[in-house]
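A look at the structure
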Amino acid sequence: MRNICMRVNYDGTDYFGFQTQPIGNTIQDIIEKSIKFLTGEEIKIHASGRTDAGVHARGQVFHFHTESKIPLERWCMALNTRLPEDILITDAYEVPLSFHSRRSAKRKTYRYTINANQFADLFNRRTQLHHPGKLDFKAMEKSLSYLIGTHDFTSFASRHSTKDSHVRTLYEARMVHDTSMCRDDHPRDQGIIHVYVTGNGFLQHMVRIIIGTLLQVGEGKLQPEDMKHILAAQDRSAAGPTAVSKGLMLWSVEYEDLLKKT
């Protein structure tokens, strides 16, 4: 028995999330069917975490057990020829049987992208939230600083969360402001904002609720200091709305030295 671990990128626009659901059409369903076609085995893959409908990934990690003798270097090519164009396997590793994509993960990073220009980007519209209204970037950056550390994130969790504990640790929360796509002589263009959030784990809708709240700070509806009061409330109604899923991307999952090419 072998334990194969892979990294996968996907555009989640046309899927109902990563994890298998009764209605089907998930990333997991598609990958498992491709593995079965390749090996003949009924395989169940286990991911580093689920992503919701419409959410993307450039660093999702999953593993599965197989008796197949396919050489490691052939897995990516063999699967990619059987996968749709919006799902791409980028790396394959052989790991100890004790390795688990979710339980072995040390840190995860999500990126949320906001297009703050006057007009949406036609070619990146599937991976950006378009927000043409004026935003206070300095206030947004300041508000993010209150989230760093270990907190009870109940205010930023879906009301449908089934987790026993909402305590999570955020190691980093930062903004990158890219003005390269601003048009000359168009003062309403504010550029592209990427928000990166790194932590030991995330709750359902957590990053999207953080972004929805962050936008209210940028719009002047909330002050940066309100973020710490929202955290302390431990009440979903205290935070802002849930931002749309298409701007969110699972950026990376870290395993210390476990997934390094030799």
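Here we summarise the structure given alongside this text. Bear in mind the structure is a predicted one, so any value in this text is a computation, not a measurement. (Residues numbered from 1 in each chain as written. Predicted model: local features only at pLDDT ≥ 70, side-chain atom pairs only at ≥ 80, totals over all residues. Heavy atoms only, no water.)

Looking at the nonpolar core
Just so we agree on the cut-off: Take the buried residues of types Ala, Val, Leu, Ile, Met, Phe, Trp, Tyr and Cys, join any two whose side-chain atoms come within 4.5 Å, and each joined set is a nonpolar core. With a 1.4 Å probe rolled over the protein chains alone, any residue whose accessible area is under 20% of its type maximum counts as buried; one over 50% counts as exposed, and the rest are partly exposed. Helix numbering and strand numbering both begin at the N terminus, where a helix is a DSSP run of H or I of at least 4 residues and a strand a DSSP run of E of at least 2.
Core analysis: the biggest nonpolar cluster contains 71 residues, and Met6, Ile31, Phe62, Phe64, Leu147, Phe156 and Ile211 have the highest contact counts within it. Ranked by the residues each element gives to this core, the list is headed by helix α4 (residues 206-218), at eight residues.

Considering the pattern of salt bridges
Going by this rule: By convention in these notes, a salt bridge is any Lys or Arg side-chain nitrogen within 4 Å of a carboxyl oxygen on Asp or Glu.
Applying the stated criterion to the full structure yields ten salt bridges. Note that Glu219 is salt-bridged to Lys221, the shortest N-O span being 3.2 Å. The exposure class assigned to Lys221 is exposed, which follows from its relative accessible area of 60%. Overlapping salt bridges, with partners in common, bring together Asp11, Asp14 and Arg126 in one network.

Comments concerning unusual backbone geometry
Phi at Asn25 takes a positive value of approximately 55°, unusual for a residue other than glycine. Here Asn25 is to be found in the loop between β1 (2-10) and α1 (27-39). Asn25 gets classed as partly exposed once you look at its relative accessible area, which sits at 34%.

Description of the packing of aromatic side chains
The condition that has to hold: Here is the rule: rings of Phe, Tyr and Trp (six-membered ring for Trp) pair when centre to centre is within 6.5 Å. Planes less than 30 degrees apart are stacked, more than 60 are edge-to-face, and the remainder are tilted. Sitting over a ring, as applied to charges here, requires NZ of Lys or CZ of Arg to be within 6 Å of the ring centre and within 35 degrees of the ring normal.
One pass over the structure, following the stated rule, counts seven aromatic pairs. Consider the rings of Tyr10 and Phe18, whose centres lie 6.0 Å apart with planes at 35°: the pair is tilted. The pair formed by Tyr10 and Phe18 is uniform in burial state, with each residue classed as buried. Grouped by ring-pair contacts, the aromatic residues Phe62, Phe64 and Trp75 constitute a single cluster. Sitting above the plane of the Trp251 ring, Arg58 keeps its charged end 4.1 Å from the centroid. One Lys or Arg, Arg174, reaches over the ring of Tyr196 and ends 4.4 Å from the middle of that ring.

What about the pairing of strand β3 (residues 56-66)?
Heads up, the condition is: Two strands qualify as a pair provided DSSP detects at least 2 bridges between them.
The buried fraction of β3 amounts to nine of the eleven residues, a majority that puts the element mostly inside the structure. Looking at chain direction, β1 and β3 are connected through eight bridges and run antiparallel. Residue Val8 lies in a different strand from β3, and its bridge partner there is Gln60. Strand direction decides the pairing type here: strand β2 (residues 46-47) and β3, joined by two bridges, are antiparallel. Paired with His46 across the strands is His63, a residue of β3.

Looking at the pairing of strand β10 (residues 248-254)
Relative to β10, β3 is paired through two bridges, and the arrangement is parallel. Residue pairing for β10: His56 is matched across the bridge by Met249. The pairing of strand β5 (residues 107-115) with β10 spans six bridges and is classified as antiparallel. The partner of Arg111 across the bridge, within β10, is Met249.

As for the environment of Ser101
So the rule is basically this: Note on contacts: a residue pair qualifies if any of its non-hydrogen atoms lie within 4.5 Å across the two residues.
As for its placement among the helices and strands, Ser101 is situated in the loop between β4 (87-95) and β5. Owing to a relative accessible area of 0%, Ser101 belongs among the buried residues under this scheme. For Ser101, the residues in contact, after removing those within four places along its chain, are His46, Ala47, Ser48, Val61, Phe62, His63 and Tyr255.

Here we look at helix α5 (residues 226-233)
Filter applied, for reference: This arc describes the spread of directions from the helix axis toward the C-beta atoms.
Considered for burial, the residues of α5 that qualify are Met227, Ile230 and Leu231. The buried residues of α5 occupy an angular sector of 100° when the element is viewed end-on, so they sit on one face. Residues of α5 that are exposed and point more than 90 degrees away from the buried face comprise His229 and Ala232. Of the surrounding secondary structure, the elements contacted by the buried residues of α5 are α3 (137-145), β7 (149-152) and α4. The positive-phi residue at the C-terminal boundary of α5 is Gln234, with phi of around 50°.

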